[in-house]
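Descriptive structure summary
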Amino acid sequence: MHDKPDNKFAKGSTVHVRDNENINQALRRFKKKVEAAGTLEDIRKKEFYEKPTTERKRKKGAAKARWRKKLREQQLPPKLF
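Residues numbered from 1 in each chain as written. Predicted model: local features only at pLDDT ≥ 70, side-chain atom pairs only at ≥ 80, totals over all residues. Heavy atoms only, no water.

A word on the overall build of the protein chain. If you tally the helices and strands in the protein chain, you get 3 helices and 0 strands. Walking the protein chain from its N terminus toward its C terminus, one meets helices and strands in the order α-α-α. Of the roughly 8600 Å² that the protein chain leaves accessible, carbon and sulfur atoms contribute 55%. (Helix = DSSP H or I, 4+ residues; strand = E, 2+ residues; numbered from the N terminus. Areas by Shrake-Rupley, 256 points an atom, 1.4 Å probe, with all protein chains shown as cover.)

As structure tokens, then:
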């Protein structure tokens, strides 16, 4: 693939509308590709600057939440009598 603007290969998530295909079906395929690639998540993450300390704090809080969830799932159910 070349980086020329006239080549037929486009960068990123692309969808070619097939013959006799509804535009909504092509749009649905495009949305699935974008979701699978994680493009929107990256854009939302980079929308605002996050200080390194804030990022560490957020990630540490998420790790704690995952750990608490794991412990909660391993816990025996309460006796119902």
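Picking up where we left off.
Further remarks concern helix H1 (residues 23–37). For H1, with 15 residues, the first-to-last C-alpha span of 21 Å sits near the 21 Å given by 1.5 Å per residue. Between a side-chain oxygen at the N-terminus of H1 and the backbone nitrogen of Asn-24 the separation is 3.2 Å; the capping residue is Asn-22. Positive backbone phi, at 75 degrees, marks Gly-38, one or two positions downstream of H1. (Expected span 1.5 Å × (residues − 1). Polar contact = N/O pair within 3.5 Å; in protein donor to acceptor, adjacent residues only side chain to side chain.)

Before going further, it helps to examine the pattern of salt bridges. Overall, the coordinates contain 3 salt bridges when judged by the stated rule. The partner of Arg-29 in a salt bridge is Glu-21, and the shortest N-O contact between them spans 3.1 Å. A residue is classified by how much of its surface remains accessible, and Arg-29, at 25% relative accessible area, is partly exposed. Overall, the relative accessible area of 17% leaves Glu-21 in the buried class. Residue Arg-58 is joined to Glu-50 by a salt bridge in which the shortest nitrogen-to-oxygen separation is 3.0 Å. Here Arg-58 falls in the partly exposed class, since its relative accessible area comes to 43%. Look at Glu-50 and you get partly exposed, because its relative accessible area is 26%. (Salt bridge = Lys/Arg side-chain N within 4 Å of Asp/Glu carboxyl O. Buried < 20%, exposed > 50% of the residue type's maximum accessible area, 1.4 Å probe, protein only.)

A separate point is unusual backbone geometry. In this structure, Asn-20 is a non-glycine residue whose phi angle is positive, near 60 degrees. The topology assignment puts Asn-20 in the segment before H1.

This part takes up the confidence of the model for the protein chain. Within the protein chain, residue pLDDT values average 86, and 86% of them lie at 70 or more. The least confident element of the protein chain is helix H2 (residues 39–45), whose mean pLDDT is 89; the most confident is helix H3 (residues 52–74), at 96. (pLDDT = per-residue confidence, 0-100.)

What follows is about the side chain of Glu-21. Secondary-structure assignment places Glu-21 in the segment before H1. At a separation of 3.1 Å, a polar atom in the side chain of Glu-21 contacts the side chain of Arg-29. The residues contacting Glu-21, other than those within four sequence positions of it, are His-16, Ala-26 and Arg-29. (Contact = heavy atoms within 4.5 Å.)

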